[in-house]
Amino acid sequence: MERCSRGWRPEVDKDGQLRDMDVSGWIRTEFRSAEFGDKRLTDRLVQLGDELGSSPAESIPGACEDWASTKATYRFCDNESVESNEILSAHKQEQRSRLSESEQLLIVSDTTYLTFPRHPSKDDLGDISSSDIDVEGVKLHTSIGLDPDTHQMTGVIDQQVLIEDQQADTLHETNGKGEPIQLESDQEKWIRGDRQARDWLASDVNSLFVHDRGADSFAFYEEVTKEIENAGFIVRANQNRRIWTDTGEPGKLFDWSSDLAEQGRKTIEIQQGGGRKARTAELSIATGTCELRAPRNNPDQDGSIEVNVVRVDEVGETDDPIQWVLLTTESVTEFDETLTLIDYYGLRWRIEDWHKVLKSGCKIEERQLQSWERMEVLLSVYSVIAWKVLELRELARGNSAPSPEILLTEAERTILETKFPELSGQNGKAYAVSVAKLGGYLDRGSDPPPGWQAMWKGLQKLRMWAEGYELGAE
């Protein structure tokens, strides 16, 4: 039986603000193809997504609303037949069906730490320590898909939960309820994630791996250029590598790239955030081609790999100037090609936003299941929920949003058009911005695009009004 909507009885905080947004109806289809060997478990997963998706920030008892449902959730997470990998496989199956006509997909990967300050005694965690922290937790390395045309996140493609034992100097992937998989080094996670993504994609879809400095390794470049078909990369360089220049002379990457001829300039708007003031930045862009030489300290690697280089330097004086050296397999012959690659690299921050939603919006680090094995099941569910929550924000930011009929029900559109008469005849983006305005977004000329929290609150309020409208119509 489909769970009744709770949209017309929303949870509010002490200031009377709506706490959450119901994305349950949007994620039901993501879990319907999961195969646990028992249809009842698949049905339970769909119901669980419905319950947790209706209140992502709530505790499990708060989202489930009664003890019977809460207990069923705990039993589901503890069931030996329930694999976290199968939960994500169901989501990936739905995701792949949406990519049937795509020619290229951007694969973005990154690592975040999950720690559990409210439940530090959780079993099976690893070491997460540095000069300023000494706690236990897991490393979560996730790969997501991004549509190069719409810039929307297509979903979660691969997820590795890594446990480190610093005393034993070991690192392994938990691998759900299967046997743990030992990794030789932390660097290996990039290649493993990209291989999983490439194997999952249809063979005729080009995969372009877009990574930050953590992926900068000679082994990674060798793997993509020599072993993985129909794939390329854009990686921000982290090391001043030994190179052969285009004239055949030896050199160092950062030093050589600083003398490249400027190909053109681009102006971008830097948004306020993280202690940074909003500003307009002018970027000087230079390109070239070189060969990366194998590192001296690894006798198993030799030779060189040809790459194109994009050097980006902010013009003018500022405290924290933009400076990127991007290595890529893609063409940089034309300035438009180079600008496209820079835009693609800029999309890498989408996974940082997904991390924020997973932690702040879905509060994954506050979940108090006793063991990591049980937590990993919950993580898979919330990973899909976090994707849908983030997608709401992108609907209001993108230039190619779906039509209003796809985004909203007839009742929801009627309510928005009544409150905002200027909406009639406009596209889906305008409707999405109006939803954000219901959530507190001011939509002034100087305001940045709406965030996911405004979309979160606005959609919940709209659904509350729409349910009242439909009840009245009956």
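What you are looking at is a predicted structure, and each value in this text was computed from that prediction instead of being measured. (Residues numbered from 1 in each chain as written. Predicted model: local features only at pLDDT ≥ 70, side-chain atom pairs only at ≥ 80, totals over all residues. Heavy atoms only, no water.)

Peer 1: What is the right way to read the overall build of the protein chain from this model?
Peer 2: Check the secondary structure of the protein chain and you find 15 helices and 14 strands. Within the protein chain, the proportion of its 474 residues that are buried is 52%. The contacts in the protein chain between residues at least 6 apart in sequence include a share of 64% that link residues at least 24 apart. For the protein chain, the accessible surface area stands at approximately 22500 Å², while carbon and sulfur atoms represent 43% of it. (Helix = DSSP H or I, 4+ residues; strand = E, 2+ residues; numbered from the N terminus. Buried < 20%, exposed > 50% of the residue type's maximum accessible area, 1.4 Å probe, protein only. Contact = heavy atoms within 4.5 Å. Areas by Shrake-Rupley, 256 points an atom, 1.4 Å probe, with all protein chains shown as cover.)

Peer 1: Hey, could you run me through helix α5 (residues 84-98) in this one?
Peer 2: The α-helix advances 3.6 residues per turn, and as a result positions three or four apart in sequence lie on the same side. Its 15 residues give α5 an end-to-end C-alpha distance of 22 Å, which sits within 8% of 21 Å, the value for a rise of 1.5 Å per residue. Among the residues of α5, Ser84, Ile87, Leu88, Ala90, His91, Lys92, Glu94 and Gln95 are the ones counted as buried. (Expected span 1.5 Å × (residues − 1).)

Peer 1: Just to check I follow, could you spell out the environment of Glu229 for this structure?
Peer 2: Its place among the elements puts Glu229 in the loop between α7 (218-227) and β8 (231-236). Between the alpha carbons of Glu229 and Asn206 there is a distance of 8.7 Å; along the sequence they are 23 residues apart.

Peer 1: What should I look at first to understand a negative patch on the surface in this one?
Peer 2: A grouping of Glu80, Asp123, Asp124 and Glu373 is seen on the molecular surface, where their side chains present a negatively charged patch. Its relative accessible area of 52% is what places Asp124 among the exposed residues. (Patch = residues over 30% accessible without salt bridge, like charges linked within 9 Å, V, L, I, M, F, W, Y side chains within 5 Å. Salt bridge = Lys/Arg side-chain N within 4 Å of Asp/Glu carboxyl O. Lys, Arg positive; Asp, Glu negative; His and termini not counted. Charge placed at Lys NZ, Arg CZ, Asp CG, Glu CD.)

Peer 1: For this particular structure, what's the right way to read the side chain of Ser69?
Peer 2: Positionally, Ser69 belongs in helix α4 (residues 67-78). By relative accessible area, Ser69 is classed as buried at 8%. A distance of 2.6 Å separates a polar atom in the side chain of Ser69 from a polar atom in the side chain of Glu51. Those residues in contact with Ser69 that sit more than four places away from it in its chain are Arg44, Glu51 and Cys64. (Polar contact = N/O pair within 3.5 Å; in protein donor to acceptor, adjacent residues only side chain to side chain.)

Peer 1: How should the nonpolar core be read in this particular structure?
Peer 2: General note: in soluble globular proteins, nonpolar side chains tend to be found buried as a group. Residues Phe76, Ile87, Trp354 and Trp372 are the most contacted members of the largest nonpolar core, which totals 70 residues. A per-element tally of this core places helix α11 (residues 372-397) first, with 13 residues. Leu105, Tyr221, Trp256 and Leu260 belong to the second-largest nonpolar core, a separate cluster that totals 33 residues. (Core = buried A, V, L, I, M, F, W, Y, C linked by side-chain atoms within 4.5 Å.)

Peer 1: What am I meant to see in the packing of helix α2 (residues 39-54) against α4 here?
Peer 2: For any two helices packed against each other, the geometry is given by the interaxial angle and the distance between the axes. The geometry of α2 relative to α4 is characterised by a closest axis approach of 11 Å and an angle of 120 degrees between their N-to-C directions. Considered as vectors, α2 and α4 are oriented oblique to each other. By crossing handedness, the relation of α2 to α4 is classed as left-handed. Across the interface between the two elements, Leu41, Arg44, Leu45, Leu48 and Glu51 from α2 touch Ser69, Ala72, Thr73 and Phe76 from α4. Looking at the contact of α2 with α4 residue by residue, the class counts come to five nonpolar, two polar and two charged. (Axes fitted to C-alpha atoms, helices over the stretch in contact; angles between N-to-C directions. Parallel < 35°, antiparallel > 145°, perpendicular 65-115°, else oblique. Left-handed = near helix turned anticlockwise from the far one by under 90°. Nonpolar A, V, L, I, M, F, W, Y, C, P; charged D, E, K, R; others polar.)

Peer 1: What am I meant to see in the pattern of salt bridges here?
Peer 2: All told, the structure shown has 22 salt bridges when counted by the stated rule. A salt bridge links Glu30 to Arg98, with the nearest nitrogen and oxygen atoms 2.8 Å apart. One end of the pair, Glu30, is in helix α1 (residues 24-31); the other, Arg98, is in helix α5, with 68 residues separating them in the sequence. Taking relative accessible area as the criterion, Glu30 reaches 1% and is therefore assigned buried.

Peer 1: How should I be thinking about the confidence of the model for the protein chain in this particular structure?
Peer 2: Low-pLDDT portions of the prediction should not be read for the details of their coordinates. With 89% of its residues at a pLDDT of 70 or more, the protein chain shows a mean pLDDT of 86. Across the protein chain, element-level confidence peaks in β8 with a mean pLDDT of 98 and bottoms out in helix α12 (residues 404-407) with 67. (pLDDT = per-residue confidence, 0-100.)

Peer 1: Where do I start with the packing of helix α13 (residues 410-419) against helix α14 (residues 428-438) in this structure?
Peer 2: Interhelical geometry of α13 versus α14 gives an angle of 75 degrees and a closest axis separation of 11 Å. In terms of axis orientation, α13 runs roughly perpendicular to α14. Across the interface between the two elements, Arg413, Leu416, Glu417 and Lys419 from α13 touch Tyr431, Ser434, Val435 and Leu438 from α14.

Peer 1: Is there a simple way to think about unusual backbone geometry in this case?
Peer 2: Peptide bonds are mostly trans, and most non-glycine residues show a negative phi. A positive phi is found at His151, a non-glycine position, where the angle reads about 65 degrees. Within the chain, Asp443 stands out as a residue other than glycine whose phi angle is a positive 60 degrees. Within the secondary structure, Asp443 sits in the loop between α14 and α15 (452-473). Take Asp443: its relative accessible area is 37%, and that puts it in the partly exposed class.

Peer 1: I'm lost on the pairing of β8 in this one. Help?
Peer 2: Regular strands place their side chains on alternate faces of the sheet. The buried fraction of β8 amounts to five of the six residues, a majority that puts the element mostly inside the structure. Here strand β7 (residues 206-211) runs beside β8; their pairing, made up of five bridges, is parallel. Directly across from Ser207, in β8, lies its bridge partner Ala231. Regarding topology, α7 serves as the crossover connection from β7 to the parallel β8, and that connection is right-handed. Where β8 meets strand β14 (residues 323-328), three bridges bridge the pair, whose relative direction is antiparallel. Bridge assignment links Arg236 to a residue of β14, and that residue is Leu326. (Pairing = 2+ DSSP bridges. Right-handed = clockwise from strand over helix to strand, strands pointing away.)

Peer 1: Can you walk me through the environment of Tyr74 in this structure?
Peer 2: Tracing the backbone shows Tyr74 in helix α4. By relative accessible area, Tyr74 is classed as partly exposed at 24%. Between the C-alpha atoms of Tyr74 and Ile60, which are 14 residues apart in sequence, the distance is 9.0 Å.

Peer 1: Even after reading the chapter, I still don't get the packing of aromatic side chains, so can you show me in this structure?
Peer 2: What describes a pair of aromatic rings is the distance from one ring centre to the other and the angle between the planes of the rings. Counting across every chain of the model gives eight aromatic pairs. Where Trp324 meets Tyr345, the ring centres are 4.9 Å apart and the plane angle is 70 degrees; that geometry is what we call edge-to-face. Pair noted here: Trp324 is in strand β14 and Tyr345 is in helix α9 (residues 335-346), with a separation of 21 residues, a long-range link. Residue classification places Trp324 among the buried positions, given a relative accessible area of 11%. Classification of Tyr345 as buried rests on a relative accessible area of 0%. Within the aromatic cluster, the residues linked to one another by ring pairs are Phe220, Tyr221 and Phe233. The aromatic ring of Trp244 is capped on one face by Arg293, whose charged end is 4.1 Å from the ring centroid. (Phe/Tyr/Trp six-rings, centres within 6.5 Å; stacked < 30°, edge-to-face > 60°. Lys NZ or Arg CZ within 6 Å of the ring centre and 35° of its normal.)

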